[in-house]
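# Survey of secondary and tertiary structure
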Amino acid sequence: MDQTEAWSAEAFEARLRALGGCYHIHHPFQVMMHRGQCTREQIRAWVANRYYYQVSIPIKDAAILSNCPDRDVRRHWVQRILDHDGHGGEGNEGGGIEAWIRLGEAVGLAREEIVSERLVLPGVRFAVDAYINFARRSTWQEAAASSLTELFAPTIHQSRLDHWPQHYPWIEAEGYAYFRRRLTEAPRDVVNGLRITLAHFNTRALQERALEILRFKLDVLWSMLDAMTLAHCDVQIAGWGRYTPMAGAPVTS
């Protein structure tokens, strides 16, 4: 095959999806949570630190909108901001950020502890800020492509719903609302993000660039967990610090 020839849309999408082998579901900290091996303090630390990422998502999406001249794209993409920031009301209208705060309360954190961000580690803050800066400075198409980690998100959310009630019975049931809502929101967002990515990245060079962007976003998520592992775990846990391409990572030639 010509090394400069663009992949078909199907082959390109397959390469994007194959990067799921590097998704943070494989990080040792996530594996510990999945197996029920985390302490209450570790779960609380994860929720508190992940909050900084949650509140940054609509900022990232607003950056995409500010750089996008296409009205039709903006009309679809703005739904992501509403999903996370909410519609100004209570309950489901409070959005994903409010649902995440309730997860924090369900694991034993006070609302003020969460929203103050004082428990957020410098490494987590650095990684998330790098992602926001990328979205602000890149083209809107590149920033949109970085959101495609949503391809892999439903698996991790479903896993938590399936296993956490058994492993962590002390977590109050209402805390799981965030994971349930993302099971429907993320697949919808994937359709939109994939449509943009497959249409815009239509040369071999652009397709390679899209893969680089998705790897960068995967690195952001992985780095966040590295910081949490250093601060809250025994760093001798098996596999920590070893970041190599996982099984299923795509070839790039």
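This write-up is about the structure you can find in this document.

Conventions adopted
- Residues numbered from 1 in each chain as written.
- Predicted model: local features only at pLDDT ≥ 70, side-chain atom pairs only at ≥ 80, totals over all residues.
- Heavy atoms only, no water.
- Salt bridge = Lys/Arg side-chain N within 4 Å of Asp/Glu carboxyl O.
- Helix = DSSP H or I, 4+ residues; strand = E, 2+ residues; numbered from the N terminus.
- Buried < 20%, exposed > 50% of the residue type's maximum accessible area, 1.4 Å probe, protein only.
- Expected span 1.5 Å × (residues − 1).
- Bend = angle between axes of the 7 residues up to and from the residue.
- Phe/Tyr/Trp six-rings, centres within 6.5 Å; stacked < 30°, edge-to-face > 60°.
- Polar contact = N/O pair within 3.5 Å; in protein donor to acceptor, adjacent residues only side chain to side chain.
- Contact = heavy atoms within 4.5 Å.

### A few points about the pattern of salt bridges
- Using the criterion set out here, one finds 17 salt bridges in the structure.
- Asp72 is paired through a salt bridge with Arg75; the nearest N and O atoms lie 3.9 Å apart. Residue Asp72 and its partner Arg75 are both found in helix H4 (residues 71-85); the two are separated by 3 residues, about one turn of the helix.
- Its relative accessible area of 54% is what places Arg75 among the exposed residues.
- Between Arg209 and Glu212 there is a salt bridge, with its nearest N and O atoms 3.6 Å apart.

### Section: helix H3 (residues 40-67)
- The first and last C-alpha atoms of H3 sit 41 Å apart over 28 residues, in line with the 40 Å expected at 1.5 Å per residue.
- Remark: the principal bend of H3, roughly 30 degrees, maps to Ser56, with a proline, Pro58, within the next four residues.
- A large share of H3 lies buried, amounting to 21 of its 28 residues.

### Details of the packing of aromatic side chains
- All chains considered together, the criterion is met by 11 aromatic pairs.
- When the centroid spacing of 5.8 Å and the interplanar angle of 80 degrees are considered together, the rings of Trp164 and Phe179 count as edge-to-face. One end of the pair, Trp164, is in helix H9 (residues 153-167); the other, Phe179, is in helix H10 (residues 177-200), and 15 residues separate them in sequence. One exposure class covers both Trp164 and Phe179, and it is buried.
- Here a set of aromatic residues connected by ring pairs shows up, and it is made of Trp46, Trp100, Trp164, Tyr168, Trp170, Tyr176, Tyr178 and Phe179.

### Comments concerning the side chain of Thr197
- Looking at the element boundaries, Thr197 is found in helix H10.
- On the basis of relative accessibility, which here comes to 0%, the residue Thr197 falls in the buried class.
- Separated by 2.9 Å, the side chain of Thr197 and the backbone oxygen of Gly193 make a polar contact.
- Apart from residues lying up to four places away in sequence, Thr197 is in contact with Phe12, Leu16, Ala145, Leu148 and Ala210.

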